[in-house]
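Residues per chain are reported as follows:
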Amino acid sequence: MNIGIIVASTRPNRFGGQIGDWVMNEAKKRSAAHYTLLDLMEINLPFLDEPKLPAQGDYEHESTKQWAKMIGDQDGFLIVTCEYNHSAPGSLKNALDTLFHEWQNKPVSFVGYGAMGGTRAIEDLTRITTNLDMIPQNSSGKGTHIMLFQNLDENGKFSANAHHVASLAKTLDNLEKWTSILKEVRPKLYT
Ligand SMILES: Cc1cc2nc3c(=O)[nH]c(=O)nc-3n(C[C@H](O)[C@H](O)[C@H](O)COP(=O)(O)O)c2cc1C
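Residues numbered from 1 in each chain as written. Predicted model: local features only at pLDDT ≥ 70, side-chain atom pairs only at ≥ 80, totals over all residues. Heavy atoms only, no water.

Notes on the overall build of the protein
This is how it is decided: Strands are runs of DSSP state E lasting at least 2 residues, helices are runs of H or I lasting at least 4, and numbering of each runs from the N terminus. To get the radius of gyration, use the C-alpha atoms; to get the globule rule, take the number of residues to the power 0.38 and multiply by 2.2 Å. Here's how the labels work: a residue is buried when its accessible area is under 20% of the maximum for its type, exposed when over 50%, partly exposed in between, all with a 1.4 Å probe on protein chains only. Note on definitions: a residue-residue contact is assigned when non-hydrogen atoms from the two residues lie within 4.5 Å. Accessibility throughout is a Shrake-Rupley quantity obtained with a 1.4 Å probe, and a residue counts as covered only by protein chains that appear here. When charges are tallied, Lys and Arg are placed among the positive residues and Asp and Glu among the negative ones, while His and the ends of the chain are skipped. Here the site of a charge means atom NZ of a Lys, CZ of an Arg, CG of an Asp or CD of a Glu.
Along its length, the protein carries six helices and six strands. When the helices and strands of the protein are listed from N to C terminus, the series reads β-α-β-α-α-β-α-β-α-β-β-α. Relative to its length of 191 residues, the protein is compact, with a C-alpha radius of gyration of 16 Å against a globular reference of 16 Å. For the protein, the proportion of its 191 residues judged to be buried stands at 48%. Contacts in the protein between residues at least 24 apart in sequence constitute 81% of all its contacts with a sequence separation of at least 6. By element, 52% of the accessible surface of the protein is carried by carbon and sulfur atoms, the whole surface being about 9500 Å². Both charge centroids of the protein, one from 19 positive and one from 22 negative side chains, sit 5 Å from each other.

Structure (structure tokens):
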């Protein structure tokens, strides 16, 4: 089964790159799923520029078709998100808004970082992904939250501690379980 790790921040000098790399390195040590890094900074999606509604699935632009293939190939997702003004960054909202069916009936878990571990961004993402017919994993203990400003070394680098590693392992255990279950039943859920 395939799980996409989406790194949301596209900001120059972002912390998201360091955290995305750490998450990807931990994920690569596991054998139950094949993990792919989907970095929105590299993918550089335009703002939604399709004439038809995403739910129609009839994409005109090559950039949308490529994004649809990247997401369609995955069975589940781990979103690595920052928090901007108590919500998710616009880059991520746009990436979610651009598609519909490719997200549907797939689980999504979260790694959040920020002053409060990205919790307010993740609350919003729980509503947004629910409308995309995803199955968000956001009850207590199901995600990983990094209190950014308490976990930087003197050079401003993020260094994961034992709590982060254990929390991410739990997040991935749960995500792999749901990804496996939904991969099996997904064909029956389409009407
Ligand atoms: C536009 C903007 C809004 C922000 N708002 C919040 C916020 O609401 N809550 C929070 O915890 N941090 C907030 N921050 C601080 C971010 O947590 C911090 O800058 C973090 O590094 C952002 O992730 P990034 O570097 O990967 O883009 C904000 C940062 C920016 C740039």
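Moving on from the model shown.
Brief notes about the site of the ligand
Here is the rule we go by: A molecule or strand has a residue near it when one of that residue's heavy atoms lies within 4 Å. N or O atoms within 3.5 Å of each other form a polar contact, as long as, within protein, one can give a hydrogen and the other can take it, and as long as residues adjacent in sequence are counted only when both atoms are side-chain atoms. Cavity: a set of points on a 1 Å grid over the protein atoms alone where a 1.4 Å probe fits but cannot get out. Pocket: an open set with protein on both sides within 12 Å along at least five of seven lines, its lining residues, like those of a cavity, having an atom within 4 Å of a point. The way we define it, a molecule is inside a pocket or cavity when more than half of its atoms are within 2 Å of that pocket's grid points.
Around the ligand sit 15 residues, and of these Ser-9, Arg-11, Tyr-84, His-86 and Tyr-113 come closest. At 2.8 Å, a backbone N or O of Gly-16 approaches an oxygen atom of the ligand. Interatomic distance of 2.8 Å between a backbone N/O atom of His-86 and an oxygen atom of the ligand. Alone, the ligand offers 610 Å² of accessible surface; in the complex the protein occludes 76% of this. Applying the majority rule of atoms within 2 Å of the grid points places the ligand in the largest pocket.

Thoughts on helix H5 (residues 119-131)
Where we set the bar: Expected span, for any helix, means 1.5 Å times one less than how many residues it has.
Look at H5: 19 Å from first C-alpha to last across 13 residues, which is about the 18 Å you get at 1.5 Å a residue. For H5, the set of buried residues is Ala-121, Ile-122, Asp-124, Leu-125, Thr-126, Ile-128 and Thr-129. Looking one or two places after H5, you find Asp-133, whose phi comes out positive at around 65°.

Re the pattern of salt bridges
In a structure, side chains of opposite charge can pair up when their charged atoms sit close to one another. Quick reminder of the rule: The working definition used for a salt bridge is a side-chain nitrogen of Lys or Arg within 4 Å of a carboxyl oxygen of Asp or Glu.
Taken as a whole, this structure holds eleven salt bridges when the rule is applied. Of the charged contacts, one joins Arg-30 and Glu-176 as a salt bridge, the two residues approaching to 2.8 Å between their closest N and O atoms. One end of the pair, Arg-30, is in the loop between helix H1 (16-28) and strand S2 (34-39); the other, Glu-176, is in helix H6 (residues 162-189), with 146 residues separating them in the sequence. According to the relative accessible area criterion, Glu-176 is buried, its value standing at 9%. Within this structure, Arg-30, Asp-173 and Glu-176 form a network of salt bridges that share partners.

A look at the nonpolar core
Put simply, the rule is: Take the buried Ala, Val, Leu, Ile, Met, Phe, Trp, Tyr and Cys residues and link them wherever side-chain atoms come within 4.5 Å; each set so joined is a nonpolar core.
In this structure, Ile-6, Trp-67, Ile-71, Leu-92 and Trp-103 are the most contacted members of the largest nonpolar core, which totals 25 residues. Residue assignment for this core shows that the elements contributing at least two residues are helix H3 (62-72), strand S3 (76-81), helix H4 (90-97), strand S4 (107-114) and H5. If we ignore the near neighbours within four places in the chain, the residues touching Trp-67 are Leu-40, Ile-43, Leu-45, Ala-95, Thr-98, Leu-99 and Trp-103. The next biggest cluster of nonpolar side chains, apart from the first, holds 21 residues, and it includes Trp-22, Tyr-35, Leu-78 and Ile-146.

Re the pairing of S2
Stated formally: Whether two strands pair comes down to DSSP finding at least two bridges between them. Seen with its strands pointing away from the viewer, a crossover is right-handed when the path leading from the first strand over the helix to the second is clockwise.
Of the pairings in the sheet, the one linking strand S1 (residues 2-7) to S2 comprises six bridges and is parallel in character. Pairing of Ile-5 across the sheet is with Leu-37, part of S2. Read from S1 through H1 to S2, the crossover connection turns out right-handed.

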